[in-house]
Amino acid sequence: MHLGHLVDKEEILDKILVAVFKAPHSYTGEDLLEISCHGSPYIVRRVIQLFIRKGARSANEGEFTLRAFLNGKIDLSQAEAISDLISSTSKTDHQLAMQQLKGGVLNKIRSLRKKLIEFSSLIEFSLDFPEEDDSTYDKTQLSKFLIRIKKHIQTLLDSFALGNAIKEGISVVIVGKPNVGKSTLLNVLLNEERAIVSEIPGTTRDIIEDEIIIDGIRFRFIDTAGIRNTENRVEVLGIKKTFEKMQQAKVIFYMFDATNFKEKTVVEEIQNLHTTYTDKTIFIIANKSDLTKVKDFPYVFFSISAKKKEGIQSILKALSNTIDRSMLQNRPILTHIRHYNALHRSLKAICNIEKGIQENHSGDLLAVDIRQALESMGEISGEISSEELLKNIFSKFCIGK
Ligand SMILES: Nc1nc2c(ncn2[C@@H]2O[C@H](COP(=O)(O)OP(=O)(O)OP(=O)(O)O)[C@@H](O)[C@H]2O)c(=O)[nH]1
Ligand SMILES: [Mg+2]
């Protein structure tokens, strides 16, 4: 570290610290200088202008991290983790990005890749020494091997649902008839007068959404237009959006008004939700408990008063419990669609190898699928990459990282 003045012609611009990193002990692996100046945007601009005048140029988005990757300091999935780390906004976001930076997913994929390479040498062995065995290869042994690898890949693929939900924020859509108190609940959850509340049914027309963090996990709450038959064209459009949001959500809050409901209709609607949205968690919420309480209802439900803010804690707790935290602890979790797609391709290739074995394909035919499976896995770490892929990944970075 060097302390000194930065001088532009005669003018002292600032008192600065300069850190010198000698290759290969720097972020990019190259010789590197870092200047710490005072944080005024004016000074920063002047410093940059000075260096550009002296022949430097601004870095492209993600250029430092790209160079770190090209110089072998980090692999591609770690580069992506750095971008995730910069944009993390919750404890769990941060935890997943750190895990990836440390190579959690990658170690798993490396070990799978190694197994597959072993497998390919078994096949090659049978090709080179066909006289060792009557059949060119031992079918059962190879099949068993493939089943094990497939299982590992499937577990990783399954983890993407959770990993992606956490990264994007877990979406919770609030639905129900007009006037049951959906917007009031949204406001209570966000602790902010975000949506207009009124006693007029059909107040909310558009989708209103915002996020909060519960126990370190980001949830995105979505208030919708109340569902009813209406002639109003704007309201009809709002209701259409409600259904779209229900499709995309992970959790559905179904709300009804304790002071004003027909049990038969509500039960029918709940049954309908359960049959239509089998993959979603559905919370049934009876609102306005300050006026009257629902008794003997055939479903488990939350009894709340959104207006008086009663019963909200139990909803938050149950919501937080929908996330299987044990999954976050010990296992590698996929968070990138790119990784998911690559692994999916490699699983497909492995299924082709399996089929090839069943149909007694020759070893060199199998080798084509093995190569495909290995290549797809290699894309995740960047052992196999194209210019277009790199451009795509690093253009998402901010300038200067
Ligand atoms: N007493 C009582 N009134 C409530 C409660 N929650 C909401 N309300 C009232 O019910 C009316 C409707 O509330 P909203 O939150 O606008 O209902 P909504 O479901 O968003 O209605 P739409 O947007 O029209 O679909 C308002 O007058 C609220 O003040 C509650 O817990 N208790
Ligand atoms: Mg509303």
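Residues numbered from 1 in each chain as written. Chains lettered and ligands numbered in written order. Predicted model: local features only at pLDDT ≥ 70, side-chain atom pairs only at ≥ 80, totals over all residues. Heavy atoms only, no water.

## With respect to helix α7 (residues 182–190)
Let me state the cut-off plainly: Only protein chains enter the accessibility calculation, which uses a 1.4 Å probe. A residue is then buried if its area is under 20% of the maximum for its type, exposed if over 50%, and partly exposed in between. Numbering of helices and strands starts at the N terminus; helices are DSSP runs of H or I of at least 4 residues and strands are runs of E of at least 2.
Counting buried residues along α7, 9 of its 9 residues qualify, which places the element largely inside the surrounding structure. Directly after α7, the chain includes N191, whose backbone phi takes a positive value near 60°.

## Some thoughts on the sheet that holds strand β3 (residues 32–36)
Operational definition: Pairing between strands is defined by DSSP: at least two bridges between the two strands are required. Angles here are taken between N-to-C directions and fall from 0 to 180 degrees, while the axes themselves are lines fitted to C-alpha atoms, restricted in helices to the stretch in contact. We call two residues contacting when some pair of their heavy atoms lies within 4.5 Å.
The 3 strands lie next to each other as β1-β2-β3, forming an open sheet whose pairing is antiparallel. Pairing within the sheet leaves two strands with one partner each, and these edge strands are β1 (2–8) and β3. Between one strand and the next, the sheet's axes are offset by a mean angle of 45°, whatever the strand orientation. Sheet analysis places β1 next to strand β2 (residues 11–21), joined by 7 bridges and oriented antiparallel. Residue pairing across strands places H2 opposite V18, the latter belonging to β2. Docked against the sheet, helix α1 (residues 41–53) engages β1, β2 and β3, running at close to 75° with respect to β1.

## A short note on the coordination of the magnesium ion (ligand 2)
As a benchmark, a tetrahedral metal site with four donors has ideal angles of 109.5 degrees, while an octahedral site with six donors has ideal angles of 90 or 180 degrees. Note the threshold: Here the coordinating atoms are restricted to nitrogen, oxygen and sulfur within 2.8 Å of the metal centre, or 3.2 Å for Na, K and Ca, and because water is not among them the sites may look incomplete.
On the protein side, the magnesium ion (ligand 2) has S183 (OG) and T204 (OG1) as donor atoms, found 2.0 Å from it. Taken together, the residues S183 in helix α7 and T204 in the loop between α7 and β5 (208–214) connect sequence positions 21 residues apart. In this structure S183 comes out as buried when scored by relative accessible area, which is 8%.

## Digging into unusual backbone geometry
Here the amide bond leading from A23 into P24 is cis, since omega sits at 5°, within 30 degrees of zero. By secondary structure assignment, the location of P24 is in the loop between β2 and β3. Even without a glycine there, the phi angle at K9 is positive, about 55°. Counting through the fold element by element, K9 comes out in the loop between β1 and β2. Residue K9 is classed as exposed on the basis of its relative accessible area, which comes to 70%.

## Section: the domain arrangement of the chain
Which entries qualify depends on this criterion: For each domain, the first and last residues come from an automatic or database assignment.
The domain boundaries assigned to the chain delineate domain 1 (2–98), domain 2 (102–165 + 334–385) and domain 3 (171–304). Taking only C-alpha atoms into account, the centre of domain 2 sits 45 Å from that of domain 3.

## Quick notes on the sheet that holds β5
In space, the 6 strands of this open sheet follow the order β5-β6-β4-β7-β8-β9, with mixed pairing throughout. Edge positions in the sheet fall to β5 and β9 (302–303), since each has one partner strand and no second. With 7 bridges joining them, β5 and strand β6 (residues 217–223) adopt antiparallel strand pairing. Bridging across to β6, E211 finds its partner in R220.

## A closer look at helix α8 (residues 233–248)
Where we set the bar: Expected helix span is computed as 1.5 Å times (number of residues minus one). To be clear, the arc concerns the directions from the helix axis to the C-beta atoms. Any N or O atom pair separated by 3.5 Å or less is treated as a polar contact, with the protein-specific requirement of one donor-capable and one acceptor-capable atom, and with residues adjacent in sequence counted only for side-chain atom pairs.
Relative to the 22 Å expected for 16 residues at 1.5 Å per residue, α8 spans 23 Å between its end C-alpha atoms, a close match to the ideal helical length. Within α8, the full set of buried residues consists of E235, G238, I239, T242 and M246. Down the axis, α8 shows its buried residues gathered within 100° of arc, on one side only. Pointing more than 90 degrees away from the buried face of α8 are the exposed residues R233, L237, K240, Q247 and Q248. Where α8 is buried, its residues meet β4 (170–176), β7 (251–257) and α9 (263–276). Where α8 starts, the residue carrying a side-chain oxygen 2.9 Å from the main-chain nitrogen of V234 turns out to be N232.

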